[in-house]
Amino acid sequence: MSEVVMEEHEGRQCAPEPQQQITAEIEDLHRQDERAGLHRTQSRLDFAPYRSSVLRHPTKAPAHADPEGVELFSPVFGTRDVDPLEADLTIQRGGEPIGERIRISGRILDGDGHPVRGQLVEIWQANAAGRYIHKRDQHPAPIDPHFTGAGRTITGEDGGYAFLTIKPGPYPWGNHRNAWRPAHVHFSLFGREFTQRMITQMYFPGDPLFALDPIYQSVTDPQARDRLVATYHHDLSEHEYLLGYHWDIVLTGAHATRMELEGDHA
Ligand SMILES: [Fe+2]
């Protein structure tokens, strides 16, 4: 979590470009991919409107790690290490957090639609005011003493997961002048081995900041972008208690969810 917040705020003092310039660059790169007939389900590595991506995206082929060798010194976890209550972000600090109470649920699926069972799913997010608890996050919005913004769970037999949380607020970041991230929840998935980690972000439907956000727009295929957005599901909402959102994550294949590379977290 710390790396995410630091990188998002580092450039604040040296980013004079207005939103119009960033938007024009986004549209230009989208047109390039459209003309080339490219349907990218993943982010472009050197997506210049997302300024820091140009400097830090990988330029060399990935190094192969022996998965079994890595397991000799990497952290391990088992299903018993994760308490079911860790999926409830509204009960962590001895009081109710402020904000719109929501449940996010869905399934982790492979490219053939089969459930991925026993998967560690971790989330982190800003609070309702758009603030993370981290010393590098100096956005002048209140910290909620009753909200850490972090939770985790293990997928069930059907690949299902569910979190009870608070809808995060949008927040400013240093990419350009008046840059705001759409409300989002960061997701990390672990398979059964440490080398199988994947990271992505989930968004909320109808966010007016989508068109302006160079991270969301770094996926140039519109359908692949849509797959990063949860669906409001009234059947998942609970009477006088919470609103329900549904979001499936597909790990491989033509409908795969966009995943971030190492160091690409903002
Ligand atoms: Fe974030």
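Throughout, a residue's number is its position along its own chain's written sequence, starting from 1. With pLDDT at 70 or above as the cut-off, local features in this predicted model cover only qualifying residues; side-chain atom pairs require 80 or more to be listed or tallied, and sums for whole chains, interfaces and linings still use all residues.

Novice: Explanation requested: the overall build of the chain in the structure shown.
Specialist: Going along the chain from the N terminus, every DSSP run of H or I of four or more residues is numbered as a helix, and every run of E of two or more is numbered as a strand. Regarding its fold elements, the chain presents five helices and 11 strands. We compute the radius of gyration over the C-alpha atoms and compare it with the globule rule, which gives 2.2 Å times the number of residues raised to the power 0.38. Computed over its C-alpha atoms, the radius of gyration of the chain comes to 18 Å, within 12% of the 18 Å expected for a compact globule of 266 residues. The dimensions of the chain, computed from C-alpha atoms along their principal axes, are 45 × 45 × 40 Å. Partly exposed residues are those whose C-beta has more than 12 but fewer than 20 other C-beta atoms within 10 Å; with 20 or more the residue is buried, with 12 or fewer it is exposed, and the C-beta atoms are placed from the backbone. Split into buried and exposed, the 266 residues of the chain put 31% on the buried side. Contact between two residues is assigned whenever their backbone-derived C-beta positions fall within 7 Å. Restricting the contact set of the chain to residue pairs at least 6 apart, pairs at least 24 apart contribute 73%.

Novice: For this particular structure, what's the right way to read the environment of Ala48?
Specialist: Locating Ala48 in the fold gives a position in the loop between helix 2 (19-35) and helix 3 (51-56). Through-space distance from the C-alpha of Ala48 to that of Leu209 is 18 Å; in sequence the pair is 161 residues apart. Those residues within four positions of Ala48 in sequence are excluded, and the remaining contacts are Glu25 and Val54.

Novice: Help me out: how do you make sense of the sheet that holds strand 8 (residues 198-203) in this one?
Specialist: Strands in a sheet are paired, the pairing made by backbone hydrogen bonds, and the direction either parallel or antiparallel. Strands are treated as partners if at least two bridges between them are detected by DSSP. One open sheet accounts for four strands, arranged 3-2-7-8; its pairing is antiparallel. If you trace the sheet from one side to the other, it starts and ends with strand 3 (150-154) and strand 8, each paired once. The average undirected angle you get between the axes of adjacent strands in this sheet is 25 degrees. Interaxial angles span 0 to 180 degrees and are taken between N-to-C directions of axes, which are lines fitted to C-alpha atoms, for helices over the stretch in contact.

Novice: Would you take a moment to explain the confidence of the model for the chain for this structure?
Specialist: Keep in mind that low pLDDT regions are not for reading the predicted coordinates in detail. Taken as a whole, the chain shows an average pLDDT of 88; of its residues, 92% reach a score of 70 or greater. With pLDDT under 50 throughout, residues 1-12 is counted as low confidence; its partners more than four residues away or in other chains account for 30 contacts. Confidence of the predictor at the level of single residues is given by pLDDT, which spans 0 to 100.

Novice: Looking at this structure, how should I read the nonpolar core?
Specialist: Soluble globular proteins: nonpolar side chains tend toward being buried together. With 30 residues, the main nonpolar core has Ile104, Phe187, Met202 and Ala230 as its most contacted residues. Mapped by element, the contributors of at least two residues to this core are strand 1 (101-109), strand 2 (120-125), strand 4 (160-166), strand 7 (184-190) and strand 8. Ignoring sequence-local partners within four residues, the contact set of Ile104 consists of Phe163, Thr165, Val185, Ala230, Tyr245 and Trp247. Note on terminology: a nonpolar core is any set of buried Ala, Val, Leu, Ile, Met, Phe, Trp, Tyr and Cys residues joined through C-beta atoms within 7 Å. Judged by nonpolar contacts, the second largest core, of five residues, contains Ala126, Tyr171, Trp173 and Ala179.

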